[in-house]
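Chains, contacts and geometry: an overview
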Amino acid sequence: MKNNKKINSKVSLISYLLANGISIPHYCYHNDLSIAGNCRVCVVELKNSMKPVVSCATNASSVLQNNSIYHDSVLVKKARENVLEFLLINHPLDCPICDQGGDCDLQDESLFFGSHKRRFYKFKRSVIDKNLGPLVKTVMTRCIHCTRCVRFAVEVSGVEDLGVFGRGNESEIGTYLTKSFSSELSMNVIDLCPVGFITKTFLK
Ligand code: SF4
Ligand code: FES
């Protein structure tokens, strides 16, 4: 696709593409949250760029003027397949019993970009579930560290209870000093989470 019209300088490339009816997979991107750019699944190819670019962290007006963008090229497909392979290394294949099954962004994209065979068999990690409070239940191993929940807590709920702890393979979402996510808005992260990490606690 090519564009020669003037675009608002604050619009991100992914939001421009989505607004034009082009489907771009995304996990960390959310229209109402700040940009994190950490899941890398929203890559697209630009004619004038040697490598794919992350569309949520790219300004639309800066790249679309006199440039061509490819959102379903062979390079883009291969890049997304590689991203999915990394995201699925530690993710449990428990879709049949997951509350998010059938409404999961990771499950949907795995249909198109997932591989039927694995190359990483060693060093599988699992994370002990945390008690985030009375309203939400966690299944920590399902988290893909998109940080939507962390940004929601800070930017919308106004509480800095959640954070990412550890680096690389040791990263995990948690609360400081083993406290709970103490916001009346905490249940919103159930819908916000692109996978089934946070689900509803069924109160008796
Ligand atoms: S719990 Fe869900 S929303 Fe939060 S970082 Fe993990 S995958 Fe993202
Ligand atoms: S949606 Fe762009 S990097 Fe996650």
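Residues numbered from 1 in each chain as written. Chains lettered and ligands numbered in written order. Predicted model: local features only at pLDDT ≥ 70, side-chain atom pairs only at ≥ 80, totals over all residues. Heavy atoms only, no water.

Focus on the domain arrangement of the chain
By a frequent convention, interface size equals the accessible area lost on bringing the separate parts together. Formally: As annotated, the domain borders come from an automatic or database domain assignment. Contacts between residues were defined by any pair of non-hydrogen atoms, one from each residue, lying within 4.5 Å. Accessible area that two parts lose when put together, with a 1.4 Å probe and added across both, is what the buried area reports. Here, a salt bridge means any Lys or Arg side-chain nitrogen found within 4 Å of an Asp or Glu carboxyl oxygen. Polar contacts, as used here, are pairs of N or O atoms within 3.5 Å; protein pairs need one atom able to donate a hydrogen and one able to accept it. Residues neighboring in sequence count only if both atoms are side-chain atoms.
One can read the domain layout of the chain as domain 1 (13-86) and domain 2 (89-200). When each unit is reduced to the centre of its C-alpha atoms, the spacing between domain 1 and domain 2 is 23 Å. Between domain 1 and domain 2, the contact holds 18 residues from the first and 20 residues from the second. Summing both sides of the interface, domain 1 and domain 2 together bury roughly 1700 Å²; the carbon and sulfur share of this comes to 58%. Among the residues domain 1 hides against domain 2, the three largest losses belong to Tyr27, Leu33 and Glu85. Together they make up 41% of the total. Remark: the boundary between domain 1 and domain 2 carries one salt bridge. We note a salt bridge from Arg119 to Glu85, for which the minimum N-O separation is 2.8 Å. For the interface between domain 1 and domain 2, the tally reads twelve residue pairs in polar contact (both at pLDDT 80 or more).

Structural notes on the site of ligand 1
For the record, the criterion: Summary of the distance rule: residues count as near a molecule or strand when at least one heavy atom falls within 4 Å of that molecule or strand. Site definitions follow a grid-based scheme: protein atoms alone, a 1 Å grid, a 1.4 Å probe that fits but cannot get out for cavities, and for pockets an open set with protein on both sides within 12 Å along at least five of seven lines, plus lining residues having an atom within 4 Å of a point. Pocket occupancy is defined atom-wise: a molecule lies in a cavity or pocket when more than half of its atoms are within 2 Å of its grid points. Under the grouping applied here, Gly and all other residues not named as nonpolar or charged are polar, the nonpolar ones being Ala, Val, Leu, Ile, Met, Phe, Trp, Tyr, Cys and Pro and the charged ones Asp, Glu, Lys and Arg.
Around ligand 1 sit Cys143, Ile144, His145, Cys146, Thr147, Arg148, Cys149, Ile173, Cys193, Pro194, Val195 and Phe197, and those are all the residues in its vicinity. More than half of the atoms belonging to ligand 1 lie within 2 Å of the grid points that define the largest cavity. Residues belonging to the shell around ligand 1 are distributed by class as follows: nine nonpolar, two polar and one charged.

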